[in-house]
Amino acid sequence: MRVVSGIQPTGNLHLGNYLGAIRNWVQMQDEIDAANRAQVAGGGSADKNQCLFFLADLHAISMPHNPAELAAATLEMTAALVACGIDPQRSVLFNQAQVPAHSELQWLLNGTARMGWLNRMTQFKDKSGKNREGASVALFTYPVLQAADVLLYQATHVPVGDDQKQHLELARDIAQKFNNDFASEDAPVFTLPDPYIPPQAARIMSLRDGTAKMSKSDPSDMSRINLADDADEIMKKVKKAKTDPEPLPSETAGLEGRPEALNLVSIYGALSNQSTEEILREFGGEGFGKFKPALGELLVETLSPISVRFRELKQDREALDAILARGAAQAREIGVPTLNAAYKALGLVRG
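Just so you know, these numbers come straight off a predicted model, no measurement behind them. (Residues numbered from 1 in each chain as written. Predicted model: local features only at pLDDT ≥ 70, side-chain atom pairs only at ≥ 80, totals over all residues. Heavy atoms only, no water.)

**With respect to the nonpolar core**
Selection rule: Definition of nonpolar core: a set of buried residues of the types Ala, Val, Leu, Ile, Met, Phe, Trp, Tyr and Cys, connected through side-chain atoms within 4.5 Å. Buried residues are those whose accessible area, probed at 1.4 Å on protein chains only, stays under 20% of the maximum for their type, while exposed residues exceed 50% and partly exposed ones sit between those limits. Between two residues, a contact is recorded if the distance between any of their heavy atoms is within 4.5 Å.
Among the nonpolar cores identified, the biggest contains 59 residues, and Leu15, Leu248, Phe291, Leu299 and Leu303 are the most heavily contacted of them. For Phe291, the residues in contact, after removing those within four places along its chain, are Leu248, Leu264, Val265, Tyr268, Ile279 and Phe283. If you look at the next biggest cluster of nonpolar residues, it comprises 43 residues, including Leu108, Leu118, Leu170 and Ala328.

So this is what it looks like as structure tokens:
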């Protein structure tokens, strides 16, 4: 089993990033590590059980960006991933720009991908808005780069949310057509990756508006819990989080039409691994004056160790550079056989 997943580097990481994606990465890493240890204990090999996680900095340039901010955000995201539990000794952690094979394979796959396939990608329509003629070519073709990201490493599983299922299907279509056109049935160049649906993919909403996702772009810092927030800031934000005057209900149905209440209960559940029903059995009938402090304490307990480690790592540029360099070297080594096979299958002569 080889899991490959990427995340765009972004500053001001918050609770939504952690519960929505990063925590699931850590769980996958731990599951594969446990499987490796079990295989080794049984006398087998763990070579092919692996997690590769990358910072998608090449994807980031498909949209307008500030170069200095992108470089800083890449290092900040690296610090956040390590602080949250991604272990560079057990997983391969790197940024795309240090592995040129991603871009090389994208170009090779551009000959197999079809305009009609890319025209059906809904995210291009969403991100380009009304000015599609003014969008970059990179924004249109970045699903092909996403395909290269996973096919390069012969990924067997790719974690996907609802917004990425279409892109994984495209990667499979590209891989299948390439294999059919340029490889034999007995020796395909690419593995067709399967989707991995995380058991928990919490959707965390703004503390100021329960109908909007928690986001770094919200002008109000009170709308989000940042990974760098200390205990006092976390408690203050939770206590000032928007709610309604009604007490918490005793049953899940009572949260309907109460987005802020639902959001706070959902956050509590994601952190405590409790169901909504279990939480409401404990707090049903109680006002937010009791629930918010309990939620704040749970957040502090969970995030404080992460925040401390995150702030330490952000100040250690040498350590972050070393982590990315080591991961990139590993990734380049893993990807070389696939890239060479793709060149050969296409009849491209290389010295």
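Next comes the rest of the account.
**Thoughts on the packing of helix α1 (residues 15-41) against helix α10 (residues 259-272)**
Threshold: An axis is simply a line fitted to the C-alpha atoms; with a helix, the fit covers only the stretch in contact. Between two such axes, the angle follows the N-to-C directions and lies from 0 to 180 degrees. Numbering of helices and strands runs from the N terminus; a helix is a DSSP stretch of H or I covering at least four residues, while a strand is a stretch of E covering at least two. Each angle gets one of four labels, with under 35 degrees taken as roughly parallel, over 145 as roughly antiparallel, 65 to 115 as roughly perpendicular, and the rest as oblique. The crossing is said to be left-handed when, going from far helix to near helix, the turn is anticlockwise and less than a right angle, and right-handed when the turn is clockwise. Throughout, the ten residues Ala, Val, Leu, Ile, Met, Phe, Trp, Tyr, Cys and Pro are labelled nonpolar, Asp, Glu, Lys and Arg are labelled charged, and all others, Gly among them, are labelled polar.
The geometry of α1 relative to α10 is characterised by a closest axis approach of 12 Å and an angle of 45° between their N-to-C directions. Here α10 runs oblique to α1, going by the angle between their axes. Where α1 crosses over α10, the two elements pack in a sense that is left-handed. Counted together, Leu15, Leu19 and Arg23 of α1 and Ile267, Ala270 and Leu271 of α10 form the full contact between these two elements. Here the residues of the contact of α1 with α10 sort into 5 nonpolar, no polar and 1 charged.

**Section: the pairing of strand β2 (residues 50-55)**
Spelled out, the test is: Two strands qualify as a pair provided that DSSP identifies no fewer than 2 bridges between them.
Of all the 6 residues making up β2, 6 are buried; the element is thus mostly covered by neighbouring parts of the structure. Here strand β1 (residues 2-7) pairs with β2 via 6 bridges, running parallel. For Val4, the partnering residue across the bridge sits in β2 and is Leu52.

**Let's talk about unusual backbone geometry**
Its identity as a non-glycine residue notwithstanding, Gln154 has a phi of 55°, on the positive side. Looking at where Gln154 falls in the secondary structure, it is placed in the loop between α7 (137-151) and β4 (157-159).

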